[in-house]
Amino acid sequence: MTPAKIRLATVWLDGCSGCHMSLLDCDERLIDIAGQVDVVWGPLVDHKEFPENVDVTVVEGAISSEEDLHRIRLIRARTRILISLGDCAVTGNVPAMRNNFGASAILRRAYIENTASDPQIPREVIPQLLAETRPVHEAVPVDFFVPGCPPPAGLIFSVLSDLLEGKSPNPAAKFG
Ligand code: SF4
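Below: a short report on this structure. (Residues numbered from 1 in each chain as written. Predicted model: local features only at pLDDT ≥ 70, side-chain atom pairs only at ≥ 80, totals over all residues. Heavy atoms only, no water.)

Some details on the sheet that holds strand E7 (residues 144–146)
Ordered in space as E2-E1-E3-E5-E7, the five strands form an open sheet in which the pairing is parallel. Every interior strand has two partners, whereas the edge strands, strand E2 (37–41) and E7, have only one. Pairwise comparison of adjacent strand axes, ignoring direction, gives a mean angle of 25° for this sheet. One ladder, built from four bridges, connects strand E1 (residues 6–12) with E2; its direction is parallel. (Pairing = 2+ DSSP bridges. Helix = DSSP H or I, 4+ residues; strand = E, 2+ residues; numbered from the N terminus. Axes fitted to C-alpha atoms, helices over the stretch in contact; angles between N-to-C directions.)

Quick look at the site of the ligand
What surrounds the ligand is the set Gly15, Cys16, Gly18, Cys19, Glu60, Gly86, Asp87, Cys88, Asn93, Gly148, Cys149 and Pro150. Secondary-structure elements contributing two or more residues to the shell around the ligand are helix H1 (18–24) and helix H4 (87–91). Its residues placed into classes, the shell around the ligand shows five nonpolar, five polar and two charged. (Near = heavy atom within 4 Å. Nonpolar A, V, L, I, M, F, W, Y, C, P; charged D, E, K, R; others polar.)

Topic: the nonpolar core
Judged by nonpolar contacts, the single largest core of 20 residues is most densely connected at Val56, Val58, Ile83, Leu160 and Leu163. Taken together, the elements giving at least two residues each to this core come down to H1, strand E3 (54–60), strand E5 (79–85), E7 and helix H6 (153–164). Per-element accounting of this core gives the leading share, seven residues, to H6. With near-sequence residues (within four places) excluded, Val56 lies in contact with Ile6, Arg7, Leu8, Ala9, Thr79, Ile81, Ile83 and Leu163. (Core = buried A, V, L, I, M, F, W, Y, C linked by side-chain atoms within 4.5 Å. Buried < 20%, exposed > 50% of the residue type's maximum accessible area, 1.4 Å probe, protein only. Contact = heavy atoms within 4.5 Å.)

Quick notes on the pairing of E5
A large share of E5 lies buried, amounting to six of its seven residues. With six bridges joining them, E3 and E5 adopt parallel strand pairing. From the neighbouring strand, Thr57 faces E5, where its bridge partner is Leu82. Relative to E7, E5 is paired through three bridges, and the arrangement is parallel. Note that in E7 the partner of Ser84 across the bridge is Phe145.

Shape is all these values report; function is a separate question.
Have a look at this one:
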């Protein structure tokens, strides 16, 4: 009998998409992975709600808003193995630079001081910012950390390959 495919999700929180680009940089190696996984969620998957029973979720980006927090808690509850991908997810990195100034000052700078036409801070549509941007593991338990800005494609491939082979990846040992 053909073994069941791994249900794989990739998530983009407060990041620049560079970590997803690095994943795509695995190039033809993605074909090896594609045969063993079902991609059930990601920027290119058109589902409205994060699915149940996900085997592996790879998270790019930090936790910056109430929406990020809500999403990561739901994702954690529905995921067996959660991976923080890239320095924004692992440490807060670039999005956390705003922590020195506070959410109000950032909103004022973006929507009032840098806007010539109709300056106002939106109260609807954009998610409410948290007081600080934090790494993913401060919101929910994380199983593996893959550092880098972005992590090299080879490192991402090796972590995913280890998981697909049933091994426990050790990205820190392979980094650099
Ligand atoms: S770690 Fe670097 S590449 Fe990845 S989302 Fe953050 S800034 Fe972008």
